[in-house]
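# Observations on chain architecture
Listed below, chain by chain, are the residues.
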Amino acid sequence: MELKLYDTLTKEKRAFAPLDPANVRMYVCGPTVYDFAHIGNARPVIVFDVLFRLLRHLYGEAHVTYVRNITDVDDKINDRAARDYPGLPLNEAIRKVTEQTGNQFHADVAALGCLPPTIEPRATEHIAEMRAIIERLIANGNAYVEQDHVLFSVATDPRYGNLARRSLDEMLAGARVDVAPYKRAPMDFVLWKPSKPGEPSWASPGGIKAEGRPGWHIECSAMSWKHLGERFDIHGGGIDLVFPHHENELAQSCCAFHTDRMANVWMHNGFLQVEGEKMSKSLGNFVTIHELLADWPGEVLRLNMLRTHYRSPIDWTLKGLEESAKTLDDWYAVARDLPGERVAGSVIEALTDDLNTPQMIAALHGLRNLAGDGDELLRDEFAASLRMLGFLADTAAGWTARKQQASGIDAGQVEALVADRSAARARKDFAESDRIRDQLAAMGIAIKDGKGADGKPVTTWEVAR
Ligand code: AMP
Ligand code: ZN
């Protein structure tokens, strides 16, 4: 089946032809690790995880390299570190913030059913590559040194603006451009800058004596070069990254390596809003992945994300989550505990059409209906497809357990209350046993009194849904 992908640069859906089918290479801009990731941040992670899985299916697991970076040098990280650990030296505080946030991110996206990328480079471990690219850009006449800064001169790259499809004049009108004394032209952007005292700093390129630190955009040019080469197949991220981040990455890499392209296909997911509104802290509708995982199993969030095509905006709603949970309950009942060997053609067909996940879900519903009639082969295809897509990661028992956990129920506490109630009943204190039953009901727990195999009374409980 031919894979077709939409390319932001050329604005067309094209047949995908890897530079090297034995090593298909994809780079996706990862998180800046200073706070919990929000559900909008989960969108590119899930979307490109599905693409990673599809590429592995089409080209073989050993023939796909997926790089997703971690940005661990940034003003927001420095601010957070100074605020949270005022007693610590800044560099130590920064390490704590990036480590904790990075670990939280890994836990969050693993719960969403996302595979780890093949390589997860950190910006601070690629300073040498950043310096090397900057030296090349200076040598090629694309960058200049001014007041201990190195700037990229956009006028030297006639292609600048092609990705965002804007002329320099339009960009100037639309962007909040810092006017700075070290810039020759307002759109020129920073490749390297001085560090403030106490901030992380490294030896500078361009003959600058003072130590400094990289600008944001150069990180991704350096990390993709190191791990994927001067040119690679797919570059992804959220739509907000097209300008200036990806436009600048593209200019840096193409000018440094004298190539006409950085990635063959540029892919961008649309934005996520919550209950019809832009997500923002001030509106109080800002939701982290971590918070959502307290209420929903990760695969509910995953399915809910995939119900909308990745290029469209998505409206994240409670109603959508409830529907997604219901769908999975039904699907898991049919597919549970099956190994699943052959992925359904209809699912792959949908995905190869520019990751058409709504069509993929329709295909899964179709399979489910046929498989529900008891056809073993189809049940197997259904289970295989769900697994390939990052669902059904464990057994049906696991799903039930996670649903209970996500509903906020502490099984130990429930057991203790049930035991207290049994004791009250045994001593005929019915007022107390009724009180405990009401307490459990208020927690969403239904209890059932019966008899065990030995004829003695036993009480079982379940989460009332
Ligand atoms: P950031 O940490 O803000 O650089 O974002 C990390 C990734 O999440 C980038 O690929 C962003 O484009 C993406 N992203 C951030 N906010 C949203 C949103 N509301 N909807 C979809 N993607 C987003
Ligand atoms: Zn990037």
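Residues numbered from 1 in each chain as written. Chains lettered and ligands numbered in written order. Predicted model: local features only at pLDDT ≥ 70, side-chain atom pairs only at ≥ 80, totals over all residues. Heavy atoms only, no water.

## A few points about the side chain of aspartate 7
- Turning to its location among the elements, aspartate 7 is positioned in strand 1 (residues 4-7).
- Only 3.1 Å separates the side chain of aspartate 7 from the side chain of arginine 14, close enough to count as a polar contact. (Helix = DSSP H or I, 4+ residues; strand = E, 2+ residues; numbered from the N terminus. Polar contact = N/O pair within 3.5 Å; in protein donor to acceptor, adjacent residues only side chain to side chain.)

## Remarks on the packing of aromatic side chains
- In the structure shown here, the tally under the stated rule is 7 aromatic pairs.
- Aromatic pair tyrosine 27 and phenylalanine 232: ring centres 6.4 Å apart, planes at 50 degrees, arrangement tilted. A residue pair is termed long-range when its members are at least 10 positions apart, and tyrosine 27 in strand 3 (residues 24-28) and phenylalanine 232 in strand 9 (residues 232-238) qualify at 205 residues.
- You can call tyrosine 27 buried: its relative accessible area is 0%.
- Their ring planes at 15 degrees and their centres at 5.0 Å tell us that phenylalanine 152 and phenylalanine 189 sit as a pair that is stacked. (Phe/Tyr/Trp six-rings, centres within 6.5 Å; stacked < 30°, edge-to-face > 60°. Buried < 20%, exposed > 50% of the residue type's maximum accessible area, 1.4 Å probe, protein only.)

## Concerning the domain arrangement of the protein
- Its domain assignment divides the protein into domain 1 (4-272), domain 2 (295-403) and domain 3 (409-463).
- A straight line from the C-alpha centre of domain 1 to that of domain 3 covers 56 Å. (Domains from an automatic or database assignment.)

## Here we look at the environment of aspartate 240
- Along the chain, aspartate 240 falls in the loop between strand 9 and helix 7 (242-257).
- Here the alpha-carbon distance between aspartate 240 and glycine 372, two residues 132 residues apart in the chain, equals 42 Å.

## Describing the sheet that holds strand 5 (residues 143-146)
- The strand order across the open sheet built from 4 strands is 5-6-7-8, with neighbouring strands paired in antiparallel fashion. Of all strands in the sheet, those bounded by a partner on one side alone are strand 5 and strand 8 (212-214). This sheet shows a mean twist of 20 degrees between the axes of neighbouring strands, independent of strand direction.
- Relative to strand 8, strand 7 (residues 189-194) is paired through 3 bridges, and the arrangement is antiparallel. Counterpart to tryptophan 192 in the pairing with strand 8 is proline 214.
- Helix-sheet contacts for helix 4 (residues 127-139) involve strand 5, strand 6 (149-152), strand 7 and strand 8, and the interaxial angle to strand 7 is about 120 degrees. (Pairing = 2+ DSSP bridges. Axes fitted to C-alpha atoms, helices over the stretch in contact; angles between N-to-C directions. Contact = heavy atoms within 4.5 Å.)

## Quick word on helix 16 (residues 430-442)
- The end-to-end C-alpha distance of helix 16 is 18 Å, a good match for the 18 Å that 13 residues give at a rise of 1.5 Å each.
- Lining the buried residues of helix 16 we find helix 15 (411-426) and strand 13 (445-451).
- Glycine 444 sits one or two positions beyond helix 16 and adopts a positive phi of about 90 degrees. (Expected span 1.5 Å × (residues − 1).)

## Details of helix 1 (residues 39-59)
- The end-to-end C-alpha separation of helix 1 is 30 Å, in line with the 30 Å expected for 21 residues at 1.5 Å each.
- Of all the 21 residues making up helix 1, 16 are buried; the element is thus mostly covered by neighbouring parts of the structure.

## Looking at the coordination of the zinc ion (ligand 2)
- Looking at the zinc ion (ligand 2), one finds its protein donor set to be Cys29 (SG), Cys220 (SG), His245 (NE2) and Glu249 (OE), positioned 2.0 to 2.4 Å from the metal centre.
- Taken together, the 4 donor atoms surrounding the zinc ion (ligand 2) define angles of 75 to 128 degrees at the centre, an arrangement classified as irregular.
- The motif formed by the donor residues of the zinc ion (ligand 2), counted along the single chain, is C-x190-C-x24-H-x3-E. With cysteine 29 in the loop between strand 3 and helix 1 and glutamate 249 in helix 7, this residue pair connects regions lying 220 residues apart in the sequence.
- We classify glutamate 249 as buried; its relative accessible area is 0%. (Donors = N, O, S within 2.8 Å, 3.2 Å for Na, K, Ca; no water. Tetrahedral: all angles 85-135°; square planar, octahedral: opposite > 155°, others 65-115°.)

## So, the pairing of strand 2 (residues 12-15)
- For strand 1 and strand 2, the ladder comprises 4 bridges, and the chain directions are antiparallel. Considered in strand 2, the bridge of tyrosine 6 is made with lysine 13.
- Hairpin connection of strand 1 to strand 2: 4 residues between the antiparallel strands, including lysine 11 at a positive phi of 55 degrees.

## Some points on the packing of helix 1 against helix 11 (residues 345-352)
- Following both chains from N to C, one finds helix 1 and helix 11 inclined at 120 degrees, their axes separated by 11 Å at the closest point. The angle between helix 1 and helix 11 falls in the class oblique. Where helix 1 crosses over helix 11, the two elements pack in a sense that is left-handed. Residues Val50, Leu54, His57 and Leu58 of helix 1 touch helix 11, and the partners they reach there are Ile348, Leu351 and Thr352.
- Taken together, the residues of the contact of helix 1 with helix 11 break down into 5 nonpolar, 2 polar and no charged. (Parallel < 35°, antiparallel > 145°, perpendicular 65-115°, else oblique. Left-handed = near helix turned anticlockwise from the far one by under 90°. Nonpolar A, V, L, I, M, F, W, Y, C, P; charged D, E, K, R; others polar.)

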